[in-house]
4 protein chains.
Amino acid sequence: MAISEEDIRTRAGRPRDPACDAAILQATLDIFAEEGYAGVSIDGVAARAGVGKATIYRRYSSKAELVVEAVRCGASVDDLLPDTGDLRADLTSMMQPLIERLRGEDAKVLTTFAVERVRDADLQEQFNRSVIGKKREHLRHLVASARDRGELSADADVELIAEAAPAMIWHHAFYGLPLDDNLLERILDLVIPKRPQ
Amino acid sequence: MAISEEDIRTRAGRPRDPACDAAILQATLDIFAEEGYAGVSIDGVAARAGVGKATIYRRYSSKAELVVEAVRCGASVDDLLPDTGDLRADLTSMMQPLIERLRGEDAKVLTTFAVERVRDADLQEQFNRSVIGKKREHLRHLVASARDRGELSADADVELIAEAAPAMIWHHAFYGLPLDDNLLERILDLVIPKRPQ
Amino acid sequence: MAISEEDIRTRAGRPRDPACDAAILQATLDIFAEEGYAGVSIDGVAARAGVGKATIYRRYSSKAELVVEAVRCGASVDDLLPDTGDLRADLTSMMQPLIERLRGEDAKVLTTFAVERVRDADLQEQFNRSVIGKKREHLRHLVASARDRGELSADADVELIAEAAPAMIWHHAFYGLPLDDNLLERILDLVIPKRPQ
Amino acid sequence: MAISEEDIRTRAGRPRDPACDAAILQATLDIFAEEGYAGVSIDGVAARAGVGKATIYRRYSSKAELVVEAVRCGASVDDLLPDTGDLRADLTSMMQPLIERLRGEDAKVLTTFAVERVRDADLQEQFNRSVIGKKREHLRHLVASARDRGELSADADVELIAEAAPAMIWHHAFYGLPLDDNLLERILDLVIPKRPQ
DNA sequence: ACATAAGCGAGACGGTACGTCTCGTCTTCTG
DNA sequence: CAGAAGACGAGACGTACCGTCTCGCTTATGT
């Protein structure tokens, strides 16, 4: 979460330049993708963005926070949170983009980030708070709803079913196992009873 | 992997002091557990171990290598590969120790280690060959056997079921989700049809 | 005064590199002469000396201290204390070198040093004791002797006459007034009655 | 010299707030006395004066100019320039206030300023132009007049006599020599032949 | 009377330098 | 030779100012 909440608007003084926001995040993301977390330096980001260091520290209080925000925004990790009433469909539309990104050009950024995140406590903390939390919550909500309306059995393990897809997708990514087109389908077949045709 | 192979023994001059080896690894593990990877600094380890920096660099060529080695030794992972003919029991005796360790003092250590493994191609390959590979192969073998003898349906997704337990356990560890006593049981309930009593 | 006293010698570990000492002080003096105090930056000195910043901060705890030390060493003020029995001649041989230095390359350096001396109580006291003190004492002695032997009138203001030359020379230096060849002669003409030929 | 001349008066728009002028100068002076020139920062002055930075830069084009003005006004250095036809009396009424101030509470401000002035080229330049210049010019004028009317001998060293008093007074201040009540009289006795009673 | 022009507090901006910290290497002395 | 101590070149960290530049508001004057 950026340093200042959204009540910034009506503050006195010169307002923040949105062009700077963009330049900073883009520069951060570029460097992160090229060099990894360790390769990101505030001076480097500032130079690449054509921005003073203070302009960065005015927005993010540390390197960790900066990188989290950059990845969150830049890699569009703030996905849609669909709720159509069809569990399989909803899970598919939530998780399929992740698989696609892990196969595409964002793969390096995402994997690097997922890894670095575990390494650095700040990064972890920041990321859990800002992104993952909501997503996980929604997954749980979808599964619970499905159980409540009978799409799953009454004693279904909501928590575990909700985590199953991300767990296995990332597991495949980490170990270099193939991220086939039908992977998600196979996962869902495993943890959700197939719909009667 | 340590800098010097095992032919160190018969070198000329003063032999390496084993007490140093121990002190360095212990200090590294302690700091690592307390402060995380970023909190480990060579100067810090040297000070805590009462050792010169050169004494560390003589053994490990970088901070990353030092930490990995420390973890590998400190939290030795010598698993059994059981095959009793009871899928549930075998999976349990293979995975339960992992959960236990991820809940204990070794948790941080193991997690970071898992991460480093993903990061470093050499490390990855080496570990796949020596430890993880065998384990994964055995898991697959257990599941396939179970399917063959009818414990699972004939069209069971062997690959996926074999990966399910480690995937979800590590997932829980990575995100700080609770590693309850019954977690493994719940995972197995999810991916293996309960045996009819 | 440099950070570490002289008992450094017998310390453990790698000794300080004297070449660094020299390079740092020389670089500082050069930049100081070219750009003035404000133009001296630690990064600049480090770059010019081909030295890391830490190597400077290991020796001097701040920019001010660095510059003072550099000046003190670079423009050593080892004056003679003549006593020929000819007041005019003695004063001339004591003060003329100062004028010459204040006209030469050392000018900026000496001026800033004089300033720092006034600023810093410790420095002031130390210098009064070591160099300036002796010099002032000797000046007073010369004037008093001259008075006693009748070269000056019996009621001559010894103290004031002794201070006159340095006071006016430094005054000229501080205000950028010209330090002409005949300045000293004019000063002496003013405060010492010309000898009847 | 302040940025804007006196033709400000009849400008259009909102006139400058005199309360700001005062607040800025006072804040500057306070901080200068407490922390020295280096301790003065525009942000600090603005904060202490309860004023925006632009309000300062509208009046003074740099930190050096601001400090000069503040000291000049605050310490009332713009003395009278008397011309009664009695050299001794005129010099006394010009220099005695300086001695008094160097003994009083302004001492710290004045000394700090005199010292810092030498250190910082901007400051020096500014001060010479705005304050010292006129004073020195007047001193020279007084001495020259005295010579012309026969109060001094025809070959008197006008320049030097004019500088003598400030030179020796500041010299005493810098070296912590006593600023006695009769100091000025002794100086004048030294450089100006006593009037025949 | 009300537009114009400037002053004002606040604070963002691109820079530069600060003094601290860590990295991985190098150098000396002692056992 | 190993080991402790620690200096070294390099360079990132986060802070503090600089002097400039918007903002939205307030305050006189001039038409």
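The numbering scheme is per chain: residues are counted from 1 as the chain's sequence reads. Both sets of labels track the order of writing: A upward for chains, 1 upward for ligands. Owing to the predicted nature of the model, reporting of local features is limited to residues with pLDDT of at least 70; listing and counting of side-chain atom pairs is limited to 80 or more, with chain, interface and lining totals taken over all residues.

### Some words on the overall build of chain A
What counts is decided by this rule: We count a stretch as a helix when DSSP gives it H or I for four or more residues in a row; a strand needs E for two or more, and each element gets its number in order from the N terminus. To assign burial, the other C-beta atoms lying within 10 Å of each residue's own C-beta are counted, with C-beta atoms placed from the backbone; 20 or more indicates buried, 12 or fewer indicates exposed, and intermediate counts indicate partly exposed. Contacts are defined on C-beta atoms placed from the backbone: any two residues whose C-beta positions lie within 7 Å are in contact.
Secondary structure summary: chain A contains nine helices and zero strands in total. Moving toward the C terminus, one meets the helices and strands of chain A in the order α-α-α-α-α-α-α-α-α. Across the 197 residues of chain A, 31% fall into the buried class. In chain A, once contacts between residues fewer than 6 apart in sequence are set aside, the share between residues at least 24 apart is 61%.

### Digging into the protein's contact with DNA strand F
To keep it simple, the criterion reads: Only the C-beta atom matters for nearness: placed from the backbone, it must lie within 6 Å of the molecule or strand for the residue to count as near. Gly falls in the polar group here, along with every residue not listed as nonpolar (Ala, Val, Leu, Ile, Met, Phe, Trp, Tyr, Cys, Pro) or charged (Asp, Glu, Lys, Arg).
The full set close to DNA strand F counts 50 residues, and R14(A), G13(B), G52(B), G13(C) and G52(C) are the nearest of them. Elements with a contribution of two residues or more to the surface near DNA strand F: α2 (42-49) and α3 (53-57) of chain A, α3 (53-57) of chain B, α3 (53-57) of chain C together with α2 (42-49) and α3 (53-57) of chain D. In the surface near DNA strand F, the residues fall into 17 nonpolar, 14 polar and 19 charged.

### Topic: the interface of chain C and chain D
With 23 residues of chain C in contact, the opposing surface of chain D contributes 21 residues. Examining the composition of the side of chain C that touches chain D, we find that nine residues originate from one element, helix α8 (residues 158-175) of chain C, more than from any other. Among the residues making up the side of chain C that touches chain D, the classes are represented as 14 nonpolar, four polar and five charged.

### Quick word on the relation of the copies chain B and chain A
To keep things clear, this is the line we draw: What sets the superposition is a least-squares fit of C-alpha atoms, and only residues with pLDDT of at least 70 in both copies go into it.
For the pair chain B and chain A, the relating rotation is 176°, the translation along its axis is 0.4 Å, and the fit reaches an RMSD of 2.7 Å. The relationship between the two copies is best expressed as a two-fold rotation axis. The C-alpha atom lying nearest the rotation axis in chain B is that of V191(B); the distance is 2.8 Å. Residue by residue, 78% of the interface of chain B is reproduced at the interface of chain A, so both copies engage with the same surface.

### Thoughts on the protein's contact with DNA strand E
Near DNA strand E you find 49 residues, and of these G13(A), G52(A), R14(C), G13(D) and G52(D) are the closest. At the level of elements, α3 of chain A, α2 (42-49) and α3 of chain B, α2 (42-49) and α3 of chain C together with α3 of chain D are the ones that each hand at least two residues to the surface near DNA strand E. Residues belonging to the surface near DNA strand E are distributed by class as follows: 16 nonpolar, 13 polar and 20 charged.

### Describing the domain arrangement of chain A
All names here are of chain A. Our working definition: Domain delimitation follows an automatic or database domain assignment.
Taken domain by domain, chain A consists of domain 1 (17-74) and domain 2 (87-191). Taking the mean C-alpha position of each, domain 1 and domain 2 sit 27 Å from one another. In this complex, domain 1 contributes twelve residues to the contact, which on the side of domain 2 involves twelve residues. Contributing elements (two or more residues each) for the side of domain 1 that touches domain 2: α1 (18-35) and α4 (63-74). By residue number, the principal contributor to the side of domain 1 that touches domain 2 is α4, which donates six residues. Among the residues forming the side of domain 1 that touches domain 2, the class breakdown is eight nonpolar, two polar and two charged.

### Let's talk about the interface of chain B and chain A
Listed per partner, the contact involves 23 residues of chain B and 21 residues of chain A. Of all elements in the fold, only α6 (107-119), α8 (158-175) and α9 (183-191) of chain B reach the threshold of two or more residues within the side of chain B that touches chain A. Residue composition of the side of chain B that touches chain A, grouped by class: 14 nonpolar, four polar and five charged.

### Digging into the confidence of the model for chain A
Detailed reading of the predicted model is not advised wherever pLDDT is low. The test is simple: Confidence scores per residue from the predictor, reported as pLDDT, run from 0 to 100.
When the pLDDT values of chain A are averaged, the result is 85; 87% of them are 70 or greater. A low-confidence stretch, residues 1-8 of chain A (pLDDT under 50), is modelled with eight contacts involving residues beyond four sequence positions or located in other chains.

### Here we look at α9(B)
For clarity, the threshold we go by: The directions from the helix axis to the C-beta atoms form the arc being described.
Buried residues of α9(B): L183(B), L184(B), I187(B) and V191(B), and no others. Take α9(B) and look down its axis: the buried residues cluster within an arc of 95°, on one side only.

### Things to note about helix α1 (residues 18-35) of chain C
All names here are of chain C. What counts is decided by this rule: Each helix should span, by expectation, one fewer than its residue count multiplied by 1.5 Å.
Helix length check: α1, at 18 residues, gives a terminal C-alpha distance of 26 Å against a target of 26 Å (1.5 Å per residue), a fit within 8%. For α1, the set of buried residues is I24, L25, A27, T28, L29, I31 and F32. Of the residues one or two after α1, G36 is the one with positive phi, at around 85°.

### Brief notes about the packing of helix α5 (residues 87-103) of chain B against α9(B)
All names here are of chain B. Definition in use: Axis definition: a line fitted to C-alpha atoms, limited for helices to the stretch in contact. Angles are taken between N-to-C directions and run from 0 to 180 degrees. In this scheme, roughly parallel covers angles under 35 degrees and roughly antiparallel covers those over 145, while 65 to 115 is roughly perpendicular and the rest are oblique. Should the near helix be turned anticlockwise from the far one by less than a right angle, the crossing is termed left-handed; should it be turned clockwise, right-handed.
α9 packs onto α5 with a crossing angle of 140° between their chain directions and a minimal axis gap of 10 Å. Between α5 and α9, the interaxial angle falls into the category oblique. Taken as a pair, α5 and α9 cross one another with a handedness that is right-handed. Every residue of α9 that contacts α5 at R88, L91, T92, M95, Q96 and I99 is listed here: L183, L184 and L188. Tallied by class, residues from the contact of α5 with α9 come to six nonpolar, two polar and one charged.

### Digging into the packing of α1(C) against α2(C)
Residues and elements named next belong to chain C. α2 packs onto α1 with a crossing angle of 120° between their chain directions and a minimal axis gap of 8 Å. By the angle between their axes, α1 is oblique relative to α2. At the point where α1 passes α2, the crossing takes the right-handed sense. Within the contact between the two elements, α1 uses A23, I24, A27, T28, D30 and I31 and α2 uses G44, V45, R48 and A49. In terms of residue class, the contact of α1 with α2 is made up of six nonpolar, two polar and two charged.

### Brief notes about the environment of A173(A)
All names here are of chain A. Looking at the secondary structure, you find A173 in helix α8 (residues 158-175). Between the alpha carbons of A173 and I187 there is a distance of 14 Å; along the sequence they are 14 residues apart. The contact partners of A173, leaving out residues within four places of it in the chain, are L102, T111 and L179.

### Quick word on the environment of A164(B)
Within the element layout of this structure, A164(B) appears in helix α8. Judged by C-beta crowding, with 27 C-beta atoms within 10 Å, A164(B) ranks as buried. Taking the C-alpha atoms as reference, A164(B) lies 29 Å from A64(B); in sequence the two are 100 residues apart. Not counting residues up to four positions away in its chain, the partners in contact with A164(B) are M168(A), I187(B) and V191(B).

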